[in-house]
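One-letter residues, chain by chain:
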Amino acid sequence: MTVNALPEIQKELAKEKSDQLVHPTQAADNAKDAEPTNVQLNAEHNKEPAKKAEKKVEKKTEKKAEKKLEKKAEKKAEKKAEKKTEKKAKKLE
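Predicted model, so just to flag it, every value in this text is computed and none were measured. (Residues numbered from 1 in each chain as written. Predicted model: local features only at pLDDT ≥ 70, side-chain atom pairs only at ≥ 80, totals over all residues. Heavy atoms only, no water.)

**Here we look at the overall build of the chain**
Turning to step 1, where the next piece is worked out: When you go through the chain residue by residue, the secondary structure sums to two helices and zero strands.
Turning to step 2, where the next piece is worked out: Relative to its full complement of 93 residues, the chain shows a buried share of 1%.
Turning to step 3, where the next piece is worked out: Here the chain has roughly 10200 Å² of accessible surface; of this, 55% comes from carbon and sulfur atoms. (Helix = DSSP H or I, 4+ residues; strand = E, 2+ residues; numbered from the N terminus. Buried < 20%, exposed > 50% of the residue type's maximum accessible area, 1.4 Å probe, protein only. Areas by Shrake-Rupley, 256 points an atom, 1.4 Å probe, with all protein chains shown as cover.)

This is the structure:
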C-alpha cells in the first residue's frame, strides 16, 4: 500500500528543525553559548513596515488615478479636435 504523505512529512520535518533551533535537545559545546531565545520586537517597530507599505499602495493608487485622468483628458481633446476638423470639412464643401 502506498501513501502520498510527502507534504505532511516535509511539514513535520520543517517544524522539527525550527523547534531544534529554538529549543535544542543537545547542550552547546561552549559554556558561553546560550540557548537561542525568541526575540519579541516592540509594537512600534512592527508598525513601521506596514505604514511604508500603505504609503506605497496610496502612491500607486494616486498615480493610477492621475494617469487615468490624463488619458481621459487626452481622449476628450482628440474628440474635440476631430469635431473641429469635421466642421471645417463641412464648411469647405
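From this point, the discussion proceeds with the structure in view.
**Let's talk about a negative patch on the surface**
Turning to step 1, where the next piece is worked out: Together, E54, E58, E62, E66, E70, E74, E78, E82 and E86 line one region of the surface with negative charge.
Turning to step 2, where the next piece is worked out: With respect to the secondary-structure elements, E78 resides in helix 2 (residues 43-92). (Patch = residues over 30% accessible without salt bridge, like charges linked within 9 Å, V, L, I, M, F, W, Y side chains within 5 Å. Salt bridge = Lys/Arg side-chain N within 4 Å of Asp/Glu carboxyl O. Lys, Arg positive; Asp, Glu negative; His and termini not counted. Charge placed at Lys NZ, Arg CZ, Asp CG, Glu CD.)

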